[in-house]
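# Residue-level structural notes
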Amino acid sequence: MTDKLQLAVNHALEDYRMARARMGLLNPGGTGLDQKRDRAWCEYGFPENVSYSMLFNLYRRGGIANGAVNKLTGLCWKSAPEVIQGAEDDRAEQETPWERAISAVLTPSVWRLFADADRRRLVGRYSGLILRIRDGKEWDQPVEGGEKGLAGVIVAWAGALTVGEWDTDTASETYGQPKLWKYRETTINGQPGRDVNVHRDRVFILGDYSADAIGFLEPAYNAFVNLEKVEGGSGESFLKNAARQVAVNFDKETDLRNLASVYDVPLEDLHERFNEAAREINRGNDAMLLTQGASVSALVSQVPDPRPTYDVNLQTACAAMDIPSRILIGNQSGERASTEDQRYFNARCQARRSTELSFEIEAFVSHLVRIRVIKPQPRYAVIWDDLNESTATDKLNSAKVMSDINTASLATGEQVFDTDEIRTAAGFEPRDEGEPLGDTDGEEEDEDGQGADPTGEPGRPDRR
C-alpha cells in the first residue's frame, strides 16, 4: 500500500511540475541550455532530476546502458589487483609475511564482490560493502578490541543502503559523515526485508553519496531517453504497418442500410462486421469482404530510417561515458579503427585502475587496518597487470620487424639489434653466453646435471 501511495504522490508531483513548466513558472531560465525556450526539457521528455530508481531501471532495461557499465567494469576487473608491502618499485621477489596475511583476507571471492560493488556504484552513484566482522556484536555497534576476522562481505545497492544518522558532533574527527547506515535487506520468499542499522565501522562505501554527486550514467541520460523514443517509435511504426489496418471509403451514393441488410445486421452493427472481416484478413485466412460502392485500402505510414537519429544520440551517450561506439555496440567494420578504439579503451580502463580503483582499494585496506582485520603496515601499494601489454603475435611481429631492419642494414656493415634484443622483443629470455641455438646430437644437460626439457623446445617464452 505504501509503494502504491508513493507512486500516486510521485505521479501527482510530476503532473504539477509539468503544468508549472508549461506556464513558465518552473526554474526561470530553463533546466537546459536553451534560454529562449525554458520549457524545452519538459517538451523533450527529459526529467528535471534523475533519481536512483531511474538510473537502476535504465541499467536494468536499457541495453546500451547495461552494456556500457558491464564492458567498463568487465575490462577493469579482467584480473584482480595485488596489494604489496612498500612501494610498487620496491616489490620483493619473495612474498612477505604481511602480504601472505593480507592475501588470506583479500581472497578472490572478496575481489569478486568488490568488482560487483564497483559495477553497482557506476549505476547508482555509490554502493556499499557491509563487512561481517567476527566480534560477536550487533551490526549497529562499533568494532572495538583486538584483532578481528572477516566472516564475509555483503554488496548493497545505493537504494538499499542509505544514511541513517549523521555525526553532528563538531569535536569529532568524523563530523559531517554518516554515523549509522540503514540497510534494507533483500526480500525473501515474498516477505519484505528488514531495515537494519549498521555502524560505519562495518560499512565501506564506493563512490560518492553526497547530494551533488554525478553518476556515471547521468550525463548520458537525456541521450538514453532519445534512444528509447527512436527504438520504441520505429518499432511501433513497423508494427502499425504490419497490422494492415484497413480503410473502407464509401461513395456518396452508397446505401449503407442496404449493405447492412446484406450482412443481416442492423445499421449500427455494420462497423463491427467490417472489423471482423478485417481481423480474418489479417490472420491470413481465406475471407471475403463484401463492399457496395466502396474501395478498400490498407493504412500504411511512411517509416523513416531511424539509423541517423539513433547514431547521433548513440554518439552523444558514448561521449558522455567515454566509451568508443565500436567498443560499446561491437561494430567491427574498419579493422584499423576498431583496433585503435580497443587500444584507447584499454588505456581508459588502465587509467581508471590507477586513478580511481587503486585509491579506493587503498582506502579499503586502511579501513580494514583501522578495525584491526589487517595488521598495520607503514606503506603499501596496489598493482595491476598491464591491459595494453602486447600479445604473443604482436611481440613476434616486432621481432620480425627488428630482424628485417638488421637485414636491410647489412649494406652498411652494422647490425642495429643484437640477438638478445630481438629475443626479448619476441617475449623470450635472452640466451646465456655460449648457449647453442639447439641440440641436434642429443639432449644437453643443464647446470644441475638434469636433461633438457623433454619437449625439445629451445627458448621457452618469458612468463612475464
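This one's a predicted model, so the numbers in the text were calculated from it and none came from an experiment.

## Here we look at the sheet that holds strand β2 (residues 126-133)
The strand order β3-β2-β7 describes an open sheet built from 3 strands, whose pairing is antiparallel. One side of each edge strand has no neighbouring strand; the edge strands of this open sheet are β3 (150-156) and β7 (203-207). Ignoring which end each strand starts from, the neighbouring axes of this sheet average 20° apart. Across the face of the sheet, helix α6 (residues 108-124) comes into contact with β2, β3 and β7 while running at roughly 150° to β2.

## Considering the sheet that holds strand β4 (residues 161-166)
Whenever strands of a sheet pair, they do so through backbone hydrogen bonds, lying parallel or antiparallel. Read across the open sheet, the 3 strands follow the order β4-β5-β6; overall the sheet is antiparallel. The open sheet terminates on both sides in strands that have one partner only, identified here as β4 and β6 (195-199). Within this sheet the neighbouring strands show an average axis-to-axis angle of 35°, counted without direction.

## Digging into the confidence of the model for the protein chain
Counting all residues, the mean pLDDT for the protein chain is 80, and 79% of those residues have values of 70 or more. Note that residues 23-29 has pLDDT below 50 and, in this model, 11 contacts with residues that lie over four places away or in other chains. Note that residues 439-464 has pLDDT below 50 and, in this model, 23 contacts with residues that lie over four places away or in other chains.

## Considerations on the side chain of histidine 199
By secondary structure assignment, the location of histidine 199 is in strand β6. Setting aside residues no more than four positions away along its own chain, histidine 199 makes contact with Trp139, Asp140, Gln141, Pro142, Lys179 and Leu180.

## Topic: the pattern of salt bridges
Per the stated rule, a full pass over the model turns up 19 salt bridges. Across the pair arginine 326 and aspartate 341 runs a salt bridge, and its minimum N-O distance is 3.4 Å. In this pair, arginine 326 is assigned in helix α11 (residues 325-329) and aspartate 341 in helix α12 (residues 335-370), connecting sequence segments 15 residues apart. Here arginine 326 falls in the partly exposed class, since its relative accessible area comes to 27%. Assessed through its relative accessible area of 18%, aspartate 341 is described here as buried.

What counts, and at which threshold
Residues numbered from 1 in each chain as written. Predicted model: local features only at pLDDT ≥ 70, side-chain atom pairs only at ≥ 80, totals over all residues. Heavy atoms only, no water. Pairing = 2+ DSSP bridges. Helix = DSSP H or I, 4+ residues; strand = E, 2+ residues; numbered from the N terminus. Axes fitted to C-alpha atoms, helices over the stretch in contact; angles between N-to-C directions. Contact = heavy atoms within 4.5 Å. pLDDT = per-residue confidence, 0-100. Salt bridge = Lys/Arg side-chain N within 4 Å of Asp/Glu carboxyl O. Buried < 20%, exposed > 50% of the residue type's maximum accessible area, 1.4 Å probe, protein only.

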